[in-house]
Amino acid sequence: ARFRLGRQARRYLLARYLNQEAEHLRFTVNAFGKPTLIDNDGLSFNVAHAGDYVVLAITRNGAVGVDVEPLRPIPDRDGMGALVFSEAERGRVQAATDPDRAFLDHWTAKEALIKGIGQGMSYPVASVTAHFNTSPAFTRPGHDLSAWQLAHGEHDGHLWALAWEGGPRTIEVFTPQSIADLP
């Protein structure tokens, strides 16, 4: 049901942005499974699901990725961190007063980035370091990720992260009720 609701909200909001009928939208996926609009008029989007939450990011300027995760204990946090975090990130997670939250903060940031880049888990995530409240937001030795920005936060027991390519953006938040109230 959550997946279907996410697809319906995605189709409805994208149609509004493009000033088209939702049933006329056509989608394709890249080699890594990232969906895109055919005839997108420069629109990029990404969607994430967790529990009862669906997060959708839409922009007209560059690529975008989003992730959401419920706050929860992380089993084998150190073992998982060794697979997906850089040395600097592993140190931050281990030193944090709430290491599970720190793990999820870093994971949602990295997941948003790799979804935005469009390469999914084929991207070497452990070679990327997420930086919070600084610029650049992401670094990877030998690669220029300086165009990527990061916003992150918490809502109702869920952590979210939004990564986008390019300059500052306005972030709009829609709830199911606010979507239902749209004309």
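To be clear, the structure that these remarks concern was listed above.
Residues numbered from 1 in each chain as written. Predicted model: local features only at pLDDT ≥ 70, side-chain atom pairs only at ≥ 80, totals over all residues. Heavy atoms only, no water.

Draft legend 1. Focus on the nonpolar core. Residues Phe103, Leu113, Phe138, Leu145, Trp148 and Leu150 are the most contacted members of the largest nonpolar core, which totals 26 residues. Looking at this core, the elements that each hand over two or more residues are α4 (99-117), β8 (148-155) and β9 (158-165). When residues in this core are grouped by element, the largest group, 8 residues, is from α4. Ignoring anything within four residues of it in the chain, the contact list for Trp148 reads Ala63, Leu113, Gly116, Ile117, Ala137, Phe138, Ala163, Trp164 and Glu165. Ranked by size, the runner-up nonpolar core spans 9 residues in total, among them Ala48, Val64, Val68 and Leu162. (Core = buried A, V, L, I, M, F, W, Y, C linked by side-chain atoms within 4.5 Å. Buried < 20%, exposed > 50% of the residue type's maximum accessible area, 1.4 Å probe, protein only. Helix = DSSP H or I, 4+ residues; strand = E, 2+ residues; numbered from the N terminus. Contact = heavy atoms within 4.5 Å.)

Draft legend 2. Representation of unusual backbone geometry. In this structure, Pro136 follows Ser135 across a cis peptide bond, with omega equal to 0°. Relative to the helices and strands, Pro136 resides in the loop between β6 (129-130) and β7 (138-139). If you check the backbone angles, Asn133 has positive phi at about 60° while not being a glycine. Among the structural elements, Asn133 can be located in the loop between β6 and β7. Judged by relative accessible area, which is 76%, Asn133 ranks as exposed.

Draft legend 3. Representation of the packing of aromatic side chains. Overall, the coordinates contain 2 aromatic pairs when judged by the stated rule. Taking 5.9 Å as the distance between ring centres and 85° as the angle between the ring planes, the aromatic pair formed by Phe27 and Phe45 counts as edge-to-face. One end of the pair, Phe27, is in strand β1 (residues 27-29); the other, Phe45, is in strand β3 (residues 44-50), with 18 residues separating them in the sequence. Accessibility expressed as a relative area gives 23% for Phe27, which makes it partly exposed. Here Phe45 falls in the buried class, since its relative accessible area comes to 2%. (Phe/Tyr/Trp six-rings, centres within 6.5 Å; stacked < 30°, edge-to-face > 60°.)

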